[in-house]
Amino acid sequence: MDKRNPRPRFSLKILSWVLLKIAVYAAFVTTYYFFVLLLLAHWLKDVFVAHRAVYTFVTLPLIIAQAALLDLVVTGLRKLGQGKKK
Amino acid sequence: MDFPISGAHINPVALAVTGFFIGMLGGFFGVGGSFLAGPALFFFGVPMNFVVGTDLAHIVGKSVSAARQHSKLGNIDFKLGVLMMAGTIPGVETGAQAIEYFKRHANVNQVVAFAFIGVLISVGAFMAWESFRTLRMSRRERRDKSHMIGAQRSGNGDVSALAGFAKRIHVLELAPMINLPKSGVKRISLWIILLVAYFGGLFSGFLGGGAGYIRMPSLVYILGVPTHIAVGTDLFEVIISGGYGTLTHAFKGNVDILIALVMHTGGVIGAHLGATLTNYFRGPRIRLAFVPLPLAGAALIIYTLMFGRHVG
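Quantities reported herein were computed from a predicted structural model and do not represent experimental measurements.

**Student:** Can you walk me through the overall build of chain A in this structure?
**Tutor:** Counting its secondary structure elements, chain A contains two helices and zero strands. Considering chain A as a whole, with its 86 residues, one finds that 30% of them fall into the buried category.

**Student:** When you look at the packing of helix H2 (residues 34-43) of chain B against helix H12 (residues 292-307) of chain B in this model, what are you seeing that I'm missing?
**Tutor:** The packing of two helices is summarised by the inter-axis angle and the distance between the axes. All names here are of chain B. Contact geometry of H2 with H12 gives a least axis separation of 8 Å together with a crossing angle of 15 degrees. Compared by their axis directions, H2 and H12 come out roughly parallel. Crossing of H2 over H12 shows left-handed handedness. Contacts between H2 and H12 pair Phe35, Leu36, Pro39, Ala40, Phe42 and Phe43 from the former with Leu293, Pro294, Ala296, Gly297, Leu300, Ile301, Tyr303, Thr304 and Leu305 from the latter. For the contact of H2 with H12, the residue count by class is 13 nonpolar, two polar and no charged.

**Student:** For this particular structure, what's the right way to read the side chain of Thr88 of chain B?
**Tutor:** Within the element layout of this structure, Thr88 of chain B appears in helix H4 (residues 78-105). In this view, Thr88 of chain B contacts Ala197, Tyr198, Gly201, Arg215, Glu237 and Ser241 of chain B; residues no more than four positions away in its chain are not counted.

**Student:** Can you walk me through the pairing of strand E4 (residues 185-189) of chain B in this structure?
**Tutor:** On a regular strand, one side chain projects to one face of the sheet and the next to the other, so that they alternate. Residue and element names in this part refer to chain B. Sheet topology note: the strand E3 (residues 177-180)/E4 ladder contains three bridges and is antiparallel. Paired with Ile178 across the two strands is Ile188, which belongs to E4. In sequence, E3 turns back onto E4 through a hairpin of four residues, with Gly184 there showing a positive phi of about 75 degrees.

**Student:** Help me understand the pattern of salt bridges, please; the structure alone is not making it clear to me.
**Tutor:** Where charged atoms of side chains with opposite charge meet at close range, the side chains can pair. All names here are of chain B. Inspection of every chain in the model, using the stated rule, returns three salt bridges over all chains. In this structure, Lys252 engages Glu93 in a salt bridge whose closest nitrogen and oxygen atoms are separated by 3.2 Å. Of this pair, Lys252 sits in the loop between helix H9 (227-251) and helix H10 (257-281) while Glu93 sits in helix H4, and the two are 159 residues apart along the sequence. Residue Lys252 shares its accessibility class with Glu93, and that shared class is buried.

**Student:** Looking at this structure, I do not really get H9 of chain B. What am I missing?
**Tutor:** The α-helix winds at 3.6 residues per turn, so residues separated by three or four positions along the chain end up facing the same way. All names here are of chain B. Helix length check: H9, at 25 residues, gives a terminal C-alpha distance of 35 Å against a target of 36 Å (1.5 Å per residue), a fit within 8%. The element H9 is extensively covered by neighbouring structure, given that 18 of its 25 residues are classed as buried. Phi turns positive, to about 80 degrees, at Gly253, one or two residues after H9.

**Student:** Is there a simple way to explain the interface of chain B and chain A in this structure?
**Tutor:** Many descriptions give the size of an interface as the accessible area lost when the pieces come together. The interface of chain B with chain A comprises 38 residues on the first partner and 34 residues on the second. Together, the buried faces of chain B and chain A total about 3,400 Å²; carbon and sulfur atoms form 74% of this surface. Counting every contact that joins chain B to chain A gives zero salt bridges. Counting across the chain B and chain A interface gives seven residue pairs in polar contact (both at pLDDT 80 or more). Broken down by element, the residue count for the side of chain B that touches chain A peaks at 14 residues, all from H10 of chain B.

The rules behind each value
Residues numbered from 1 in each chain as written. Chains lettered and ligands numbered in written order. Predicted model: local features only at pLDDT ≥ 70, side-chain atom pairs only at ≥ 80, totals over all residues. Heavy atoms only, no water. Helix = DSSP H or I, 4+ residues; strand = E, 2+ residues; numbered from the N terminus. Buried < 20%, exposed > 50% of the residue type's maximum accessible area, 1.4 Å probe, protein only. Axes fitted to C-alpha atoms, helices over the stretch in contact; angles between N-to-C directions. Parallel < 35°, antiparallel > 145°, perpendicular 65-115°, else oblique. Left-handed = near helix turned anticlockwise from the far one by under 90°. Contact = heavy atoms within 4.5 Å. Nonpolar A, V, L, I, M, F, W, Y, C, P; charged D, E, K, R; others polar. Pairing = 2+ DSSP bridges. Salt bridge = Lys/Arg side-chain N within 4 Å of Asp/Glu carboxyl O. Expected span 1.5 Å × (residues − 1). Buried area = accessible area lost by both parts, 1.4 Å probe. Polar contact = N/O pair within 3.5 Å; in protein donor to acceptor, adjacent residues only side chain to side chain.

This is the structure:
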């Protein structure tokens, strides 16, 4: 192991911070389910059945947009964590 | 919750938790996780054609942010990535057409499940063999530093049991020959690159996910690309194969985007946690720890085939 750059130790403090982050994230995701997914489900089903071409071109932007949004949220949570450590 | 597109009935919390664990393992081991995501979706009662298409959509979401990180670190060989697109896209389409064929003429669930089992067992066995050999080589190298085995270390310093194989591929004269300065490959046949890309795409289109289990070793051992560039370039290719695969499978009616969205929500935080954990648990034996994962995926499919799909 490199003595100049030792491996950080996994502590209870880190674990509790990770769990807190997961809890905040879970609350966000639950809200997201109810407000977005449940509203989208029937529209997507209709489009899937009746307009397959539209469904095809909706799928990719949807997952990419969600990835970008959630990445922002997680990055925000991480920055918050770093701020707390400082 | 009913997922009306595929007709599957899955608890969204179970789906998000599965996504979380797959994301965490993926972040920890640096892989996409389709070797577990596919079997898990099949276990939850999703038909195999939807497993393939939905996993492709799920993997696009996961790869976008990871590829962005690797792009910032300069780990993507864009020249190689763009050249590979010419092989990846026809490969994905061949895989998607094969799914359509089996949907019409055979039992798509069983055909894809057996193909999945074969691939996962092969990947697990290969990784075990390669990791053991590399570990043994590293130990021998440490014991006798003056007796450096040149053929077992690639030009970019990666220690690998199969580094010599790429050198033999590089001397194949099959025009047009390509230079890949970013990857440190002076001359390689374009056809070899296209062949590697085609097979990566084929696995991706037929079994879903990014097929990193086949493309990553191919980039390192066949093309001779350094591991860190291979990881970034593979992610770039996963976006191409996943993006095209999502479109073509969605058009063919094989994508349940709602399942992909729910699973991805758990995957994002899992991936970040997994990447954080590597700071605390890294070590040379980490690749050996990866070996049971594809085998666990194979076991899950075998269980589902034997005892029926879990619904609820």
